[in-house]
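Next come the chains, spelled out residue by residue.
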Amino acid sequence: QVQLVESGGGLVQPGGSLRLSCAASRSIDSIVLMGWYRQAPGKARELVAHITRGGSTNYADSVKGRFTISRDNAKNTVYLQMSSLRPEDTAVYYCNAEDYTQFSVNNYWGQGTQVTVSS
């Protein structure tokens, strides 16, 4: 098992930047996929970005060029650097880990951190 704790959320003006952190309770070196999701009020949860064990990344079209996901295995931490923030980025952001076994996948989630983009 792995516990995930997000931090770094808060209130920011449009055009501003925030960096979210996801600290894991153990090494993430062996976790195949780490990702960030978000859920805005009244909307479904959506994938923001994910990163593989090998460092390959994928982003939602809405955040391409503005957000960057990275992982620091030595610190057991995944980051989401967000810039040029827009009001529509307002959501609760969740860290996710997909830990694959030989036969199945275990999905772990953090508690979420609120990001509010408003003037």
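Everything numeric here is computed off the predicted structure, so don't read it as measured data.

Draft legend 1. Structural view of the packing of aromatic side chains. With the rule as written, the count across this model stands at one aromatic pair. Residues Tyr 37 and Trp 109 carry aromatic rings whose centres are separated by 5.0 Å and whose planes lie at 65° to one another, so their mutual orientation is edge-to-face. Placement of the pair is Tyr 37 in strand E4 (residues 33-39) and Trp 109 in strand E10 (residues 105-109), with a sequence separation of 72 residues. Given the relative accessible area of 17%, Tyr 37 is considered buried. Its end group placed over the ring of Tyr 37, Arg 45 keeps NZ or CZ at 5.9 Å from the ring centre.

Draft legend 2. Structural context of the pairing of strand E9 (residues 91-100). Across the 10 residues that make up E9, a large majority, seven, are buried. The pairing of E4 with E9 spans seven bridges and is antiparallel. Counted as the bridge partner of Gln 39 is Val 92 from E9. Where E9 and strand E11 (residues 113-117) come together, three bridges link them in antiparallel fashion. Its bridge partner being in E11, Val 92 is matched across the sheet by Gln 114. Across five bridges, the pairing between E9 and E10 is antiparallel. Looking across to E10, one finds that Glu 98 is bridged to Asn 107.

Draft legend 3. Summary view of the state of the cysteines. Tallying each qualifying case throughout the model produces one disulfide. Here Cys 22 connects covalently by a disulfide to Cys 95, the sulfurs 2.1 Å from one another. Classification of the bridge connecting Cys 22 and Cys 95 rests on its S-S torsion, roughly -80°, and on that basis the disulfide is left-handed. Taken together, the residues Cys 22 in strand E3 (residues 18-24) and Cys 95 in strand E9 connect sequence positions 73 residues apart. Cys 95 carries the same exposure label as Cys 22, and that label is buried.

Draft legend 4. Spotlight on the nonpolar core. Leu 4, Met 34, Trp 36, Leu 80, Met 82 and Tyr 93 are the most contacted members of the largest nonpolar core, which has 31 residues in total. When residues of this core are traced back to their parent elements, those giving at least two are E3, E4, strand E5 (46-52), strand E7 (67-72), strand E8 (77-82), E9 and E11. With residues near it in sequence (within four places) discarded, Leu 80 still touches Leu 18, Arg 19, Leu 20, Trp 36, Val 48, Ala 49, Phe 67, Thr 68, Ile 69 and Tyr 93.

Draft legend 5. Main features of the pattern of salt bridges. What the rule picks out here adds up to five salt bridges. With its nearest N and O atoms 2.9 Å apart, the salt bridge here joins Arg 38 to Asp 89. Remark: Asp 89 occurs in the loop between E8 and E9 and Arg 38 occurs in strand E4; sequence separation between them is 51 residues. Take Arg 38 and Asp 89: they sit in the same class, and that class is buried. Measuring nitrogen to oxygen at the nearest pair gives 3.0 Å for the salt bridge that ties Asp 61 to Lys 64. What you see here is one network of salt bridges that share partners, running through Arg 38, Glu 46, Arg 66 and Asp 89.

How each quantity is defined
- Residues numbered from 1 in each chain as written.
- Predicted model: local features only at pLDDT ≥ 70, side-chain atom pairs only at ≥ 80, totals over all residues.
- Heavy atoms only, no water.
- Phe/Tyr/Trp six-rings, centres within 6.5 Å; stacked < 30°, edge-to-face > 60°.
- Helix = DSSP H or I, 4+ residues; strand = E, 2+ residues; numbered from the N terminus.
- Buried < 20%, exposed > 50% of the residue type's maximum accessible area, 1.4 Å probe, protein only.
- Lys NZ or Arg CZ within 6 Å of the ring centre and 35° of its normal.
- Pairing = 2+ DSSP bridges.
- Disulfide = S-S within 2.5 Å.
- Core = buried A, V, L, I, M, F, W, Y, C linked by side-chain atoms within 4.5 Å.
- Contact = heavy atoms within 4.5 Å.
- Salt bridge = Lys/Arg side-chain N within 4 Å of Asp/Glu carboxyl O.

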